[in-house]
Amino acid sequence: MRTLFIAGNWKMNPGTAEAAISLAEAVKAGVGASADVRVALCPPAVFLNRIDHVLEGSPIGLGGQNMYWKPEGAFTGETSGAMLVDAGCTHVILGHSERRHGMGETDAQVNAKLHAALAVQLIPIVCIGETKDERLADQTEDVLQGQLTGSLAGLSSEQMAGVVLAYEPVWAIGTGLTATPEQAQNAHAFIRGWLSEQFGPATAARVVVQYGGSVKPDNAAELLACPDIDGALVGGASLKAADFLGIINAARDVTAKGKA
Ligand code: PGA
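Please read these numbers as outputs of a predicted model, since none were measured by experiment.

Novice: Is there a simple way to think about the overall build of the chain in this case?
Specialist: The helix and strand inventory of the chain stands at 12 helices and 8 strands. Expected size for 260 residues packed as a compact globule is a radius of gyration near 18 Å; at 17 Å, the chain falls within 12% of this value. Each of the three principal axes of the chain carries a C-alpha extent, and together these read 45 × 45 × 35 Å. Counting only residues that meet the buried cut, the chain has 51% of its 260 residues in that class. Of the contacts made within the chain by residues no fewer than 6 positions apart, 74% connect residues no fewer than 24 positions apart. For the chain, the computed accessible surface area is about 11,100 Å², with 53% contributed by carbon and sulfur atoms. Across the chain, the 18 positively charged side chains and the 27 negatively charged ones have centroids separated by 3 Å.

Now the structure itself:
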């Protein structure tokens, strides 16, 4: 079984460094020293450095929510991968649907960012997922295949094994609508099958594929128990320490019991 990986995507929250620090402190205290489940926090870029200090001595990883593909230069408002590393990051979220659909980010841009992230040893969390209209039109697998092909172009098998994927159906993000475990497992099995075709079964078996979209303490266990779901990318529920820790505890239970 792949080690389950729970990441909190704080998006553009909370409003102050003080609130961000207390949230990170509470998560750190709840997680303790145990590494049976991988955990990472992805705060807004301006808080990264301070949260890195909070997380000192903890196994919790730190992630950016985006980065630019160029290493330096005249790119106003952008952040390079090396800057994320310097701020203490181990991870970076790439191609989140709010960037793809809200800010016009393309698969080619996600791919450029992915190669730039790997070049500085950041662990990328690459997000993919269909919209409600695409699901209703029965295009889910076509959309996933297109995003996988474009976003992951040019990777070696060894690089692929170290990339985390997050399947996040756009209609389930921040809406309170969660994919059923069956819908999520079907999409994850499709992704695993695609990885196997492109990179071989041994690599496909190593890739961690998170689910994201209204994951909460009360639905986490049944999602995480699915054979191809290896963790969660959590938005709203990661902003309350008790909820985020509830999801981590659900992952610990699934880990202790093992998957069917
Ligand atoms: P949500 O967000 O948990 O609030 O639905 C998930 C995400 O956008 O990563």
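Novice: Any chance you could explain the packing of helix H7 (residues 140-151) against helix H9 (residues 181-199) here in plain terms?
Specialist: Taken N-terminus to C-terminus, the directions of H7 and H9 make an angle of 40°; their axes are 11 Å apart at the nearest point. In terms of axis orientation, H7 runs oblique to H9. The handedness of the crossing between H7 and H9 is right-handed. Here Glu141, Leu144, Gln145, Leu148 and Thr149 of H7 lie close against H9, whose contacting residues are Ala187, Phe190, Ile191 and Trp194. Taken together, the residues of the contact of H7 with H9 sort by class into 6 nonpolar, 2 polar and 1 charged.

Novice: Please clarify how the sheet that holds strand E2 (residues 38-42) should be interpreted in this entry.
Specialist: In spatial order, the strands read E1-E2-E3-E4-E5-E6-E7-E8; together these 8 strands close into a barrel with parallel pairing. Along the sheet, successive strands turn relative to each other by an average axial angle of 25°, direction set aside. Inspection of the sheet shows strand E3 (residues 61-64) paired to strand E4 (residues 91-94) by 2 bridges, in the parallel sense. Paired with glycine 64 across the strands is valine 92, a residue of E4.

Novice: Please clarify how the nonpolar core should be interpreted in this entry.
Specialist: Note on soluble globular proteins: their nonpolar side chains tend to be buried together. Counting 72 residues, the largest nonpolar core has Ile6, Leu152, Met160, Leu165, Ile191, Leu195 and Tyr211 as the members making the most contacts within it. Residues Cys42, Ile93, Val164 and Leu233 belong to the second largest nonpolar core, which totals 11 residues.

Novice: What should I look at first to understand the site of the ligand in this one?
Specialist: What surrounds the ligand is a group of 13 residues, the closest being Lys11, His96, Glu168, Gly174 and Ser214. At 2.6 Å from an oxygen atom of the ligand is found a side-chain nitrogen or oxygen belonging to histidine 96. One of the backbone N or O atoms of serine 214 is found 2.7 Å from an oxygen atom in the ligand. Each residue belonging to the shell around the ligand can be placed in one class, and the counts come to 4 nonpolar, 7 polar and 2 charged.

Novice: Sorry if this is basic, but what is going on with the environment of threonine 180 here?
Specialist: Summarising the element assignment, threonine 180 is placed in the loop between strand E6 (164-167) and H9. With a relative accessible area of 37%, threonine 180 lands in the partly exposed category. Distance in space between the C-alpha atoms of threonine 180 and glycine 146 is 23 Å, their sequence separation being 34 residues.

Novice: Help me understand the packing of helix H5 (residues 107-119) against H7, please; the structure alone is not making it clear to me.
Specialist: Relative placement of two packed helices is described by the angle separating their axes and the distance separating the axes. Look at H5 against H7: their axes get within 8 Å of each other, and the N-to-C directions meet at 40°. Taken together, the axes of H5 and H7 are oblique relative to one another. Each of Asp107, Val110, Asn111 and Leu114 in H5 lies in contact with H7, whose residues at this interface are Gly146, Gln147, Gly150 and Ser151. A per-class count over the contact of H5 with H7 returns 2 nonpolar, 5 polar and 1 charged.

Novice: Help me understand the side chain of asparagine 9 in this model?
Specialist: Along the chain, asparagine 9 turns up in strand E1 (residues 5-9). For asparagine 9, a relative accessible area of 4% translates into the label buried. Reaching out from asparagine 9, the side chain makes a polar contact with the backbone nitrogen of lysine 11 at a distance of 3.1 Å. Engagement of the side chain of asparagine 9 in a polar contact is seen with the side chain of histidine 96, the distance being 3.5 Å. Look past the residues within four positions of asparagine 9 in its chain and what remains in contact with it is Cys42, Gln65, Ile93, His96, Leu233, Val234, Gly235 and Ser238.

Rules of the game
Residues numbered from 1 in each chain as written. Predicted model: local features only at pLDDT ≥ 70, side-chain atom pairs only at ≥ 80, totals over all residues. Heavy atoms only, no water. Helix = DSSP H or I, 4+ residues; strand = E, 2+ residues; numbered from the N terminus. Rg over C-alpha atoms; globule rule 2.2 N^0.38 Å. Buried < 20%, exposed > 50% of the residue type's maximum accessible area, 1.4 Å probe, protein only. Contact = heavy atoms within 4.5 Å. Areas by Shrake-Rupley, 256 points an atom, 1.4 Å probe, with all protein chains shown as cover. Lys, Arg positive; Asp, Glu negative; His and termini not counted. Charge placed at Lys NZ, Arg CZ, Asp CG, Glu CD. Axes fitted to C-alpha atoms, helices over the stretch in contact; angles between N-to-C directions. Parallel < 35°, antiparallel > 145°, perpendicular 65-115°, else oblique. Left-handed = near helix turned anticlockwise from the far one by under 90°. Nonpolar A, V, L, I, M, F, W, Y, C, P; charged D, E, K, R; others polar. Pairing = 2+ DSSP bridges. Core = buried A, V, L, I, M, F, W, Y, C linked by side-chain atoms within 4.5 Å. Near = heavy atom within 4 Å. Polar contact = N/O pair within 3.5 Å; in protein donor to acceptor, adjacent residues only side chain to side chain.

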